[in-house]
Amino acid sequence: MNNAVFVGRFTPVGRRLDIPDVIELLEDYECLYPYSLFLSSEFVIAKSHCSICGKSMQSPQCLHRRGQLYCGEVAVEIVDEIKEFQAVSLVENPEDKKCVIENLNGKPMSFDMLKEFLDMNFPWLQRFSISKTTERRINPDIIMTGRNSPCTCGSGIKFKKCCGKDMYYDHVHYMVTLGEPVNFIILLRHCP
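> Kindly report on the packing of aromatic side chains, identifying the contributing residues and their values.
Throughout the structure, instances matching the rule amount to six aromatic pairs. An angle of 80° between the planes, with centres 5.7 Å apart, marks the rings of Y35 and F111 as edge-to-face. With a gap of 76 residues between them, Y35 in the loop between α2 (19–30) and β1 (38–50) and F111 in the loop between β6 (107–108) and α3 (112–119) connect regions that are remote in the sequence. Since its relative accessible area comes to 18%, Y35 is described here as buried. F111 sits in the partly exposed class, given a relative accessible area of 35%. Through pairs of rings, three or more aromatic residues link up here, namely Y29, F117, F122 and F128.

> Explain α2 to me, using residue names and the numbers behind them.
End to end, α2 covers 16 Å across 12 residues, agreeing with the expected 16 Å (1.5 Å per residue, within 8%). Listed as buried for α2 are I19, V22, I23, L25, D28 and Y29.

> Outline the side chain of S59, supporting the account with residue identities and numerical values.
Mapped onto the elements, S59 comes out in the loop between β1 and β2 (69–70). Side-chain polar atoms of S59 contact the backbone oxygen of S56, separated by 2.8 Å.

> Outline the pattern of salt bridges, listing residues and values.
For the structure shown, the criterion picks out six salt bridges. The closest approach of N and O atoms between D28 and R127, which form a salt bridge, is 3.0 Å. Taken together, the residues span a long stretch of sequence, with D28 in helix α2 and R127 in strand β7 (residues 126–138) at a distance of 99 residues. Notably, a salt bridge pairs K115 with D119, separated by 3.0 Å at the nearest N-O pair. Taken together, the residues span about one helical turn, with K115 and D119 both in helix α3 at a distance of four residues. The exposure class of K115 is exposed, given its relative accessible area of 51%. One continuous salt-bridge network, built from bridges that share partners, spans E24, D28 and R127.

> Which residues make up the environment of V182, and what values do they have?
Among the structural elements, V182 can be located in the segment after β8 (168–181). The buried category is assigned to V182, whose relative accessible area is 6%. In this view, V182 contacts D21, V22, L25, L125 and R127; residues no more than four positions away in its chain are not counted.

> Any details on a positive patch on the surface? Residues and values, ideally.
A grouping of R147, K158, K160 and K161 is seen on the molecular surface, where their side chains present a positively charged patch. As for its placement among the helices and strands, K161 is situated in the loop between β7 and β8. Judged by its relative accessible area of 55%, K161 is exposed.

> Help me get a handle on unusual backbone geometry, residues and values and all.
Across the chain, the bulk of peptide bonds are trans and the bulk of non-glycine residues have phi less than zero. Although it is not a glycine, C71 adopts a positive phi angle of roughly 50°. The exposed category is assigned to C71, whose relative accessible area is 90%. One non-glycine residue, N121, adopts positive backbone phi at about 55°. Here N121 shows up in the loop between α3 and β7.

> So what's going on with the nonpolar core? Which residues, and what values?
Membership of the largest hydrophobic core is limited to 10 residues, which are V22, L25, Y29, L32, M113, L114, F117, F128, V176 and V182. Elements with a contribution of two residues or more to this core: α2 and α3. Residues in contact with Y29, not counting those within four places in the same chain, are F117, P123, W124 and F128. The next biggest cluster of nonpolar side chains, apart from the first, holds five residues, and it includes I142, C151, C162 and M167.

How each quantity is defined
- Residues numbered from 1 in each chain as written.
- Predicted model: local features only at pLDDT ≥ 70, side-chain atom pairs only at ≥ 80, totals over all residues.
- Heavy atoms only, no water.
- Phe/Tyr/Trp six-rings, centres within 6.5 Å; stacked < 30°, edge-to-face > 60°.
- Helix = DSSP H or I, 4+ residues; strand = E, 2+ residues; numbered from the N terminus.
- Buried < 20%, exposed > 50% of the residue type's maximum accessible area, 1.4 Å probe, protein only.
- Expected span 1.5 Å × (residues − 1).
- Polar contact = N/O pair within 3.5 Å; in protein donor to acceptor, adjacent residues only side chain to side chain.
- Salt bridge = Lys/Arg side-chain N within 4 Å of Asp/Glu carboxyl O.
- Contact = heavy atoms within 4.5 Å.
- Patch = residues over 30% accessible without salt bridge, like charges linked within 9 Å, V, L, I, M, F, W, Y side chains within 5 Å.
- Areas by Shrake-Rupley, 256 points an atom, 1.4 Å probe, with all protein chains shown as cover.
- Lys, Arg positive; Asp, Glu negative; His and termini not counted.
- Charge placed at Lys NZ, Arg CZ, Asp CG, Glu CD.
- Core = buried A, V, L, I, M, F, W, Y, C linked by side-chain atoms within 4.5 Å.

Shown next as structure tokens:
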């Protein structure tokens, strides 16, 4: 996603190959992932260098700016030494979504929605939207009995105060609606 945004910044409008459409499609794909919170760290850098010239990006000798393109290479600040680690924040929309939280409130993240979507075998460049509905269902693992009868699990407690509390669960259903395909503009350039 970040790479598509980056490429769009440096591509002349006439040769963009529908990059805005690709960014929209990648945003749609992002909603399939279960990650909703990310870690963002803050620290004081003691020593770093420019990926292009090797000098410190804070010094006047380095003429490169972070994130800019120089002869096809992106200028990046490479951290050599961290002086002080200050904080870690939980954020929803960081610039870089690589630092994920895989276990939230004791529950591991589930990729069921992504797997079901991929099993539908839609073309990768097909736009789509997803609507979500929730419905109450009866738990099929519970053996029913009278509310005031002893629970069927053998605990000796009344059904309504034991397994009867977990008789229903919320089932989430996702409806996928296909949209327009993303069409690339093919631009041919004659090279001498």
